[in-house]
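Here are the chains, one letter per residue:
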Amino acid sequence: GQQLNQSPQSMFIQEGEDVSMNCTSSSIFNTWLWYKQDPGEGPVLLIALYKAGELTSNGRLTAQFGITRKDSFLNISASIPSDVGIYFCAGQPLFNAGGTSYGKLTFGQGTILTVHP
Amino acid sequence: GAGVSQSPSNKVTEKGKDVELRCDPISGHTALYWYRQSLGQGLEFLIYFQGNSAPDKSGLPSDRFSAERTGGSVSTLTIQRTQQEDSAVYLCASSFALSGGLSGYEQYFGPGTRLTVT
């Protein structure tokens, strides 16, 4: 099945620094999503990407859907303490005729972000 | 508006017992998903419901796991004869129907149920 490789696994940064993380897949995805998860909570959707090459921003967050449709990155600019958490990429595999790909997001392993004040 | 809700938030059970986990999706969302998240891991797909279509059960790890969705809204995930390896956070998500446009890809998650099997 599809696998997503997310890197880095963890990051320790100073407040104010920029952050970049990325996901790569072995197969084509038709949607990329980025989520953030705080301790004890469910993941919260940050950005959704639908077209190859698409670049989308949400405040200090910017994400891009790779041209090859096999990768995506998330950048956070001017990090603040509340950016701490686990960031997950998720991909929707290319829909197949059998319909079994519907609804099945494949998740990366997550990037644990720690921001030091 | 109200988000996805799940109950209970925490469940401790003895090995061999059955458990039921409940999910209330966002009103108007016709698609509902269950995922499992083990400690320090990403999310593992379990099952997907879309309207009146047959659910996609391809992610269920064994026949001890089952789920139903009544009336196209509330869903219950049942784990029979629980084992210690079932300990995890079980997350429910919902979305609009994919046929309704790109927003159907955007899944919104509940807070999860933390299951501990002793």
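Residues numbered from 1 in each chain as written. Chains lettered and ligands numbered in written order. Predicted model: local features only at pLDDT ≥ 70, side-chain atom pairs only at ≥ 80, totals over all residues. Heavy atoms only, no water.

Participant: Sorry, what's going on with the environment of B:Phe65 here?
Facilitator: Residues and elements named next belong to chain B. When you line up the elements, Phe65 lands in strand 6 (residues 65–69). On a C-alpha basis, the gap between Phe65 and Thr78 in space is 5.8 Å, while along the polypeptide they are 13 residues apart. Look past the residues within four positions of Phe65 in its chain and what remains in contact with it is Arg36, Leu60, Thr78, Ile79, Asp86 and Tyr90. (Helix = DSSP H or I, 4+ residues; strand = E, 2+ residues; numbered from the N terminus. Contact = heavy atoms within 4.5 Å.)

Participant: Would you explain the packing of aromatic side chains in this entry?
Facilitator: The way to describe two aromatic rings as a pair is by their centre distance and the angle between their planes. Here the structure, examined in full by the defined rule, presents ten aromatic pairs over all chains. For the pair A:Phe107 and B:Phe109, a centre-to-centre distance of 6.0 Å together with 75° between the ring planes defines the contact as edge-to-face. Of the two residues, A:Phe107 sits in strand 10 (residues 106–107) while B:Phe109 sits in strand 9 (residues 108–109), which places them in two different chains. Owing to a relative accessible area of 6%, A:Phe107 belongs among the buried residues under this scheme. Between the aromatic rings of B:Tyr33 and B:Tyr48, the centroid separation amounts to 5.0 Å while the plane-to-plane angle is 20°, which identifies the pairing as stacked. Linking B:Tyr33 in strand 4 (residues 31–37) with B:Tyr48 in strand 5 (residues 43–50), this pair joins segments that are 15 residues apart in sequence. Judged by relative accessible area, B:Tyr48 falls into the buried class, the value being 8%. Through a chain of ring-to-ring contacts, three or more aromatic side chains come together here, namely A:Tyr35, A:Phe88, A:Phe107, B:Tyr33, B:Tyr35, B:Phe45, B:Tyr48 and B:Phe109. (Phe/Tyr/Trp six-rings, centres within 6.5 Å; stacked < 30°, edge-to-face > 60°. Buried < 20%, exposed > 50% of the residue type's maximum accessible area, 1.4 Å probe, protein only.)

Participant: What is the right way to look at the pattern of salt bridges in this model?
Facilitator: Pairs can form between side chains of opposite charge once their charged atoms are near each other. The final tally for this structure, using the stated rule, is six salt bridges over all chains. For A:Arg60, the salt bridge goes to A:Asp83, with nearest N and O atoms at 2.8 Å. Note that A:Arg60 is positioned in the loop between strand 6 (55–58) and strand 7 (61–65) and A:Asp83 in the loop between strand 8 (71–76) and strand 9 (85–93), a separation of 23 residues in sequence. By relative accessible area, A:Arg60 is classed as partly exposed at 27%. Owing to a relative accessible area of 6%, A:Asp83 belongs among the buried residues under this scheme. Between B:Asp24 and B:Arg22 there is a salt bridge, and its shortest N-O distance comes to 2.9 Å. Residue B:Asp24 is classed as partly exposed on the basis of its relative accessible area of 22%. (Salt bridge = Lys/Arg side-chain N within 4 Å of Asp/Glu carboxyl O.)

Participant: Looking at this model, I keep getting lost on the state of the cysteines. Mind explaining?
Facilitator: Simply put, disulfide is the name for a covalent bond between the sulfur atoms of two cysteines. Residues and elements named next belong to chain B. Per the stated rule, a full pass over the model turns up two disulfides over all chains. Residue Cys23 pairs covalently with Cys92 via a disulfide, S to S 1.8 Å. Sign of the S-S torsion, about -65° for the bond between Cys23 and Cys92, identifies this disulfide as left-handed. One end of the pair, Cys23, is in strand 3 (residues 19–24); the other, Cys92, is in strand 8 (residues 88–95), and 69 residues separate them in sequence. Cys92 shares its class with Cys23; the two are buried. (Disulfide = S-S within 2.5 Å.)

Participant: Explain the pairing of strand 3 (residues 19–25) of chain A to me, please; I cannot follow it from the model alone.
Facilitator: In regular strands, side chains alternate between the two faces of the sheet. Residues and elements named next belong to chain A. Of the two faces of strand 3, the one lined by Val19, Met21, Cys23 and Ser25 is fully buried and the one lined by Ser20, Asn22 and Thr24 carries no buried residue. With four bridges joining them, strand 1 (residues 4–7) and strand 3 adopt antiparallel strand pairing. Bridging across to strand 3, Asn5 finds its partner in Thr24. Two elements, strand 3 and strand 8, share six bridges in a ladder whose sense is antiparallel. By the bridge assignment for strand 8, Asn22 is matched with Phe73. (Pairing = 2+ DSSP bridges.)

Participant: Explain the sheet that holds strand 3 of chain B to me, please; I cannot follow it from the model alone.
Facilitator: All names here are of chain B. Spatially, four strands are ordered 1-3-7-6 in an open sheet, and the strand pairing comes out antiparallel. Since the sheet does not close on itself, it has two edges, and those belong to strand 1 (5–7) and strand 6, each with one partner. Each strand of the sheet is rotated relative to its neighbour by a mean of 15°, with strand direction disregarded. As judged from the five bridges shared by strand 6 and strand 7 (residues 75–79), these two strands associate in the antiparallel manner. In the sheet register, Ala67 faces strand 7, and the bridge partner there is Leu77. (Axes fitted to C-alpha atoms, helices over the stretch in contact; angles between N-to-C directions.)

Participant: In this structure, what is going on with the sheet that holds strand 3 of chain A? I would like to understand it.
Facilitator: Two strands in a sheet stick together by hydrogen bonds in their backbones, pointing the same way (parallel) or opposite ways (antiparallel). Residues and elements named next belong to chain A. Taken together, the five strands give an open sheet; going across it, the order is 1-3-8-7-6, and neighbouring strands pair in antiparallel fashion. Since the sheet does not close on itself, it has two edges, and those belong to strand 1 and strand 6, each with one partner. Here the average twist between neighbouring strands, direction ignored, is 15°.

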